[in-house]
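What follows is the residue order along each chain.
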Amino acid sequence: MNAAVVTVGDELLAGRTTNTNATWLCERLTDRDVTVERVTTVPDRIEDISSVVGDYSAAYDAVLVTGGLGPTHDDLTMEAIAATFGRDLETDETALEWLEEHGYSRSDLTTGTADLPAGSRPLHNEAGVAPGAVLENVYVLPGVPTEMRAMFETVAEEFTGTRVYRETVVADEPESALLDRLENLNREFDVSVGSYPGESVRLELSGPDEETVAAAATWLRERVETVEES
């Protein structure tokens, strides 16, 4: 299973808000063996949201969108998702009934709070008010981190991929000096290698076969100057 993450918000692009949602979602998806292929941030503009989500919906198994939910003037994500799939926005009775059951009277809710794309599945907001939604392979989640995380956990079981095994080798050598051994590693073993330099070089080996990944890590440790991973 592969996925794309789309975060919505002018404040993210202006650098006023740190995009913790993208990092958290990527970590959770990776933990569930889902390959995240794209992370994109778009402004609070219907045409931008709709264009990116439409492209990603066609290209990936799932698209997770965060931010821009609610009834205020700059909460445009639901309208954009509806436009992507040629749907109308409609008041979702299931979402309204859930809110009523959790202490919100209809008269207290701002108009448009429960407006979702026609035919979508509502996702209830355990930590806030505005509901999310699932439409085809697009999951729309809140931008407030506590709300987004709580809502994702209600659908987490819907994200699963092929088990990937990982091993880490930390090399106490310059990255450029490791190229020949990494080339030989790739010839010997069917694994992927990520190289992340810092004070030392962290080499992340991954693949679908546990024994192959372990053997590749052993092979590499025998051929590089290693340090213990902190």
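Residues numbered from 1 in each chain as written. Predicted model: local features only at pLDDT ≥ 70, side-chain atom pairs only at ≥ 80, totals over all residues. Heavy atoms only, no water.

## Comments concerning the overall build of the protein
For step 1, the next point in the chain: On a plain count of helices and strands, the protein comes out with eight helices and eleven strands.
For step 2, the next point in the chain: The principal-axis extent of the C-alpha atoms belonging to the protein is close to 70 × 35 × 30 Å.
For step 3, the next point in the chain: Within the span of the protein, comprising 230 residues, buried residues form 44% of the whole.
For step 4, the next point in the chain: Considering only contacts within the protein whose residues lie at least 6 apart along the sequence, 67% involve residues at least 24 apart.
For step 5, the next point in the chain: On the protein, roughly 11900 Å² of surface is accessible, and the fraction owed to carbon and sulfur atoms is 42%.
For step 6, the next point in the chain: Across the protein, the mean location of the 16 positive side-chain charges is 5 Å away from that of the 46 negative side-chain charges. (Helix = DSSP H or I, 4+ residues; strand = E, 2+ residues; numbered from the N terminus. Buried < 20%, exposed > 50% of the residue type's maximum accessible area, 1.4 Å probe, protein only. Contact = heavy atoms within 4.5 Å. Areas by Shrake-Rupley, 256 points an atom, 1.4 Å probe, with all protein chains shown as cover. Lys, Arg positive; Asp, Glu negative; His and termini not counted. Charge placed at Lys NZ, Arg CZ, Asp CG, Glu CD.)

## Re helix 3 (residues 46–59)
For step 1, the next point in the chain: Here helix 3 is 14 residues long and its end C-alpha atoms lie 20 Å apart, about the 20 Å a rise of 1.5 Å per residue gives.
For step 2, the next point in the chain: Of the positions making up helix 3, those classed as buried are I49, S50, V52, V53, Y56 and S57.
For step 3, the next point in the chain: Against strand 1 (2–8), strand 2 (35–42), strand 3 (62–66), helix 4 (77–84) and strand 8 (138–141) lie the buried residues of helix 3. (Expected span 1.5 Å × (residues − 1).)

## Things to note about the sheet that holds strand 3
For step 1, the next point in the chain: On the basis of which strands lie adjacent, the open sheet formed by six strands has the order 2-1-3-8-7-6 and mixed pairing. Since the sheet does not close on itself, it has two edges, and those belong to strand 2 and strand 6 (121–123), each with one partner. In this sheet, adjacent strand axes meet at a mean angle of 20° when their direction is disregarded.
For step 2, the next point in the chain: Alignment of strand 3 against strand 8, held across four bridges, turns out to be parallel. Bridging across to strand 8, V65 finds its partner in V140. (Pairing = 2+ DSSP bridges. Axes fitted to C-alpha atoms, helices over the stretch in contact; angles between N-to-C directions.)

## A word on the side chain of T113
For step 1, the next point in the chain: Topologically, T113 is positioned in the loop between helix 5 (93–101) and strand 5 (115–117).
For step 2, the next point in the chain: A residue is classified by how much of its surface remains accessible, and T113, at 9% relative accessible area, is buried.
For step 3, the next point in the chain: Of note is the side chain of T113, whose polar atom sits 2.6 Å from the backbone oxygen of T110.
For step 4, the next point in the chain: When sequence neighbours within four positions are dropped, the list of residues in contact with T113 reads P71, L99, V129, A130 and P131. (Polar contact = N/O pair within 3.5 Å; in protein donor to acceptor, adjacent residues only side chain to side chain.)

## As for unusual backbone geometry
For step 1, the next point in the chain: In this model, D33 sits at a positive phi of 65°, which is unusual for a non-glycine residue.
For step 2, the next point in the chain: Exposure remark for D33: the relative accessible area of 16% places this residue in the buried category.
For step 3, the next point in the chain: Positive phi outside glycine occurs at E136, with the angle close to 55°.
For step 4, the next point in the chain: Relative to the assigned elements, E136 resides in the loop between strand 7 (132–135) and strand 8.
For step 5, the next point in the chain: Residue E136 is classed as exposed on the basis of its relative accessible area of 53%.

## Observations concerning the side chain of S120
For step 1, the next point in the chain: Here S120 lies in the loop between strand 5 and strand 6.
For step 2, the next point in the chain: Residue classification places S120 among the buried positions, given a relative accessible area of 10%.
For step 3, the next point in the chain: Only 2.7 Å separates the side chain of S120 from the backbone oxygen of P117, close enough to count as a polar contact.
For step 4, the next point in the chain: Setting aside chain neighbours within four positions, we find S120 in contact with D92, A133, V134 and L135.

None of the figures reported here should be taken as evidence of function without further support.
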